[in-house]
Amino acid sequence: MISNLKNKVRYYYYSARKKTISGKDNVLRYLKPSTIDGDVLSAGFEYRRDHNGMPKEDELSVNWLEFFNKSCHENIDLVRGAYITKGFDLRKNGRFAELNIEEITRLVKEGTKELDENVSLVVKHTAKKDDLSHASLYGMPFEEDAELLVSSILADYVNKDKTKLHQAVKA
Amino acid sequence: MSYAVEVNDFETVDRNYDAGVSKKIQDSVVRARKHIVEMRTGATELRKSSARAYSQTSNYIETLVSSGTSFDWSVDVDKFTKAFDDIEITVHRVPNFTVDRKVSYSSSKKLSLADWLVFIKNDLTDLDSNIELADRINDLSKEKDDLEVGSINSDSLSTFVMFLSSNKINKKPAVGLTRKGYIDASWRSSDNSLIEIVFKPGDESSMVTFSHDRIKKNIINRRVATLPIKNMIDIIKSRKLSKLLYVKSSVSIR
């Protein structure tokens, strides 16, 4: 009861604050099995879109890894727990991709110089009642080709170092 | 090694083609048919050889179509199809496939996912891991969570398979699905070059390439565009990325 109340208070505090997360920190992005086939595909980092092709959202859902302030493995476990609490069906062949905010921001900035628009990623802490470490990756382009380029840069970042992929379901 | 000789004969027919389309198709059909019979019953090498011959028959017809040669489909394709009536692998897919590509994609919709899986397994014999690819597509067809359209988009799958087949790509890509159910395929190399294509319904698809700059090798050029599928292979070649799509085969047929 007290724990629930505490979480509620924390949720209101964090959601009101909507803090920009430091570049040194990391976020986890859940990748469905349909977006991994040995390598991670850019499809793992795309917006949901409606039938007219318009994005249904302006952010990609991620989880702030350092939020819980524990060891890396414990942090990942807590994120898994939040997904399960939310009723999300984590799949055995799914993975969490660990993204360092500073690194992906730099790579995306460098890799999108030739696009018409400047792409600048920002990650904010957007806590949810049942997922306090929830965060949002803002700044992905809405135009589909530009989005594909940024998504493929993020996928490439993970593919270069597969230690950044963590089992979605604990073995 | 008689099958090898026959494959060469078959290619000779192909190379020397200039006139008398129906007669030559019939000749090709007879040979391909024999090979397919062997494919069903023979040893592994025979199967490979036969499958190639079969694939060459379809390519042969495709060449006729793309060169604009006067070609009576109602007569010649019918003959071609009938020649394989008793064969388990239904050859009607080949003319369908060819006609679809040249004329429209509409008839490809008649092919079910199961048809495409058979097609991948039996006809994409150039592909290094055709069975693996068919299995992967089959797995993806069961992925329904969080997709906005339910499952694989059949037009996207058709475009993808045609791309592999018409360009004789023999290296299996990593294959996934976008939220819309489009096939997302990527080929990577150890030097961090990349080709990634989202296959969309229709004539155009989106392609991303990462390639090393020709002068400053440490610089990677990242490009994205929506392009006609038929132009993609030329663009890939111009960016010196063809090697990502092909593995060197130990078996070669002259």
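Heads up: the structure comes first, above all this text.
Residues numbered from 1 in each chain as written. Chains lettered and ligands numbered in written order. Predicted model: local features only at pLDDT ≥ 70, side-chain atom pairs only at ≥ 80, totals over all residues. Heavy atoms only, no water.

Considerations on the overall build of chain B
Each helix and strand in chain B was counted, giving nine helices and five strands. Listing each helix as α and each strand as β along chain B from the N terminus yields α-α-α-α-α-α-α-α-β-β-β-β-β-α. Counting over 254 residues, chain B shows a buried share of 52%. For chain B, long-range pairs separated by at least 24 residues make up 58% of all intrachain contacts whose partners lie at least 6 apart in sequence. A total of about 11900 Å² of accessible surface is found on chain B, and carbon and sulfur atoms cover 50% of it. (Helix = DSSP H or I, 4+ residues; strand = E, 2+ residues; numbered from the N terminus. Buried < 20%, exposed > 50% of the residue type's maximum accessible area, 1.4 Å probe, protein only. Contact = heavy atoms within 4.5 Å. Areas by Shrake-Rupley, 256 points an atom, 1.4 Å probe, with all protein chains shown as cover.)

Some details on the nonpolar core
General note: in soluble globular proteins, nonpolar side chains tend to be found buried as a group. Counting residues in hydrophobic clusters, the biggest one holds 43 residues, and the most contacted among them are Val40, Phe45, Leu121, Val123, Leu154 and Val158 of chain A. Secondary-structure elements contributing two or more residues to this core are β1 (26–31), β4 (59–64), β5 (95–100), α3 (101–111), β7 (134–138) and α4 (144–159) of chain A together with β3 (194–199) and β4 (204–212) of chain B. Residue contributions to this core peak at nine residues, all from α4 of chain A. Setting aside its immediate chain neighbours within four residues, Leu121 of chain A contacts Ile104, Thr105, Val108, Leu137, Tyr138, Gly139, Met140 and Leu154 of chain A. (Core = buried A, V, L, I, M, F, W, Y, C linked by side-chain atoms within 4.5 Å.)

As for helix α2 (residues 72–85) of chain A
Residues and elements named next belong to chain A. With 14 residues, α2 extends 20 Å between its outermost C-alpha atoms, agreeing within 8% with the 20 Å of an ideal straight helix rising 1.5 Å per residue. Taken together, the buried positions of α2 are occupied by Asn75, Ile76, Val79, Arg80, Ala82 and Tyr83. Down the axis of α2, the buried set is contained in an arc of 160°. They therefore lie on one face. The outward face of α2, more than 90 degrees from its buried face, is lined by the exposed residues His73, Ile84 and Thr85. If you follow the buried residues of α2, they end up packed against β1, β4, β5 and β8 (165–167). Phi for Gly87, located one or two positions after α2, is positive at around 85°. (Expected span 1.5 Å × (residues − 1). Arc of directions from axis to C-beta.)

A word on the sheet that holds β1 of chain A
Residues and elements named next belong to chain A. Ordered in space as β6-β7-β4-β1-β5-β8, the six strands form an open sheet in which the pairing is antiparallel. What marks the edges here is a single partner per strand, and that holds for β6 (122–125) and β8. For this sheet the average axis-to-axis angle between neighbouring strands, irrespective of direction, equals 40°. Pairing geometry for β1 and β4, over two bridges, is antiparallel. Directly across from Leu28, in β4, lies its bridge partner Asn63. Against the sheet, α2 makes contact with β1, β4, β5 and β8, and its axis sits at roughly 125° relative to β5, the strand it touches most. Contacting β5, β7 and β8, α4 runs over the sheet at an angle of about 100° to β5. (Pairing = 2+ DSSP bridges. Axes fitted to C-alpha atoms, helices over the stretch in contact; angles between N-to-C directions.)

Quick look at a negative patch on the surface
Together, Asp116, Glu117, Glu143 and Glu144 of chain A give the surface a local cluster of negative charge. You can see Glu143 of chain A is positioned in the loop between β7 and α4. (Patch = residues over 30% accessible without salt bridge, like charges linked within 9 Å, V, L, I, M, F, W, Y side chains within 5 Å. Salt bridge = Lys/Arg side-chain N within 4 Å of Asp/Glu carboxyl O. Lys, Arg positive; Asp, Glu negative; His and termini not counted. Charge placed at Lys NZ, Arg CZ, Asp CG, Glu CD.)

Quick look at the sheet that holds strand β5 (residues 220–228) of chain B
Residues and elements named next belong to chain B. Sheet architecture is open: five strands sit in the order β1-β2-β3-β4-β5, paired in antiparallel fashion. The open sheet has two free edges, formed respectively by β1 (174–177) and β5, since each of these has just one partner strand. For this sheet, the mean inter-axis angle between neighbouring strands, taken without regard to orientation, is 15°. Where strand β2 (residues 183–188) lies against β3, six bridges are found, and the strand directions are antiparallel.

Brief notes about the interface of chain A and chain B
Interfaces are frequently sized by the accessible area removed from exposure as the parts join. Contact residues are listed per partner, giving 31 residues for chain A and 32 residues for chain B. Surface buried jointly by chain A and chain B totals about 2700 Å² across both partners, of which 47% is contributed by carbon and sulfur atoms. Taken together, chain A and chain B are joined by four salt bridges. Its salt-bridge partner being Arg188 of chain B, residue Asp156 of chain A comes within 2.4 Å of it at the nearest N-O pair. At the boundary of chain A and chain B, one finds 12 residue pairs in polar contact (both at pLDDT 80 or more). A breakdown of the residues in the side of chain A that touches chain B according to their chemical character gives nine nonpolar, eight polar and 14 charged. (Buried area = accessible area lost by both parts, 1.4 Å probe. Polar contact = N/O pair within 3.5 Å; in protein donor to acceptor, adjacent residues only side chain to side chain. Nonpolar A, V, L, I, M, F, W, Y, C, P; charged D, E, K, R; others polar.)

Here we look at the pattern of salt bridges
For the structure shown, the criterion picks out 14 salt bridges over all chains. Here Asp39 of chain A and Arg188 of chain B are joined by a salt bridge, their closest N and O atoms 3.7 Å apart. Here Arg188 of chain B lies in strand β2 and Asp39 of chain A lies in strand β3 (residues 39–40), a pairing that spans two chains. Across this residue pair, the class does not change: Asp39 of chain A and Arg188 of chain B are buried. With a closest N to O distance of 2.8 Å, Arg49 of chain A and Glu147 of chain A form a salt bridge. Note that Arg49 of chain A is positioned in the loop between β3 and β4 and Glu147 of chain A in helix α4, a separation of 98 residues in sequence. Residue classification places Arg49 of chain A among the buried positions, given a relative accessible area of 6%. Each of the salt bridges in this network shares a partner with another, and the network as a whole consists of Asp39, Asp156, Lys160 and Lys162 of chain A together with Arg188 of chain B.

What about the packing of aromatic side chains?
Residue and element names in this part refer to chain A. The full count for this structure, using the stated rule, is 12 aromatic pairs over all chains. When the centroid spacing of 5.1 Å and the interplanar angle of 80° are considered together, the rings of Phe67 and Phe68 count as edge-to-face. Relative accessible area serves as the criterion here: at 23%, Phe68 is assigned to the partly exposed category. Their ring planes at 85° and their centres at 5.1 Å tell us that Tyr83 and Phe88 sit as a pair that is edge-to-face. Here a set of aromatic residues connected by ring pairs shows up, and it is made of Tyr30, Tyr83, Phe88 and Phe96. A cation over an aromatic ring shows up here: Lys86 above the ring of Tyr83, its NZ or CZ 4.5 Å from the ring centre. (Phe/Tyr/Trp six-rings, centres within 6.5 Å; stacked < 30°, edge-to-face > 60°. Lys NZ or Arg CZ within 6 Å of the ring centre and 35° of its normal.)

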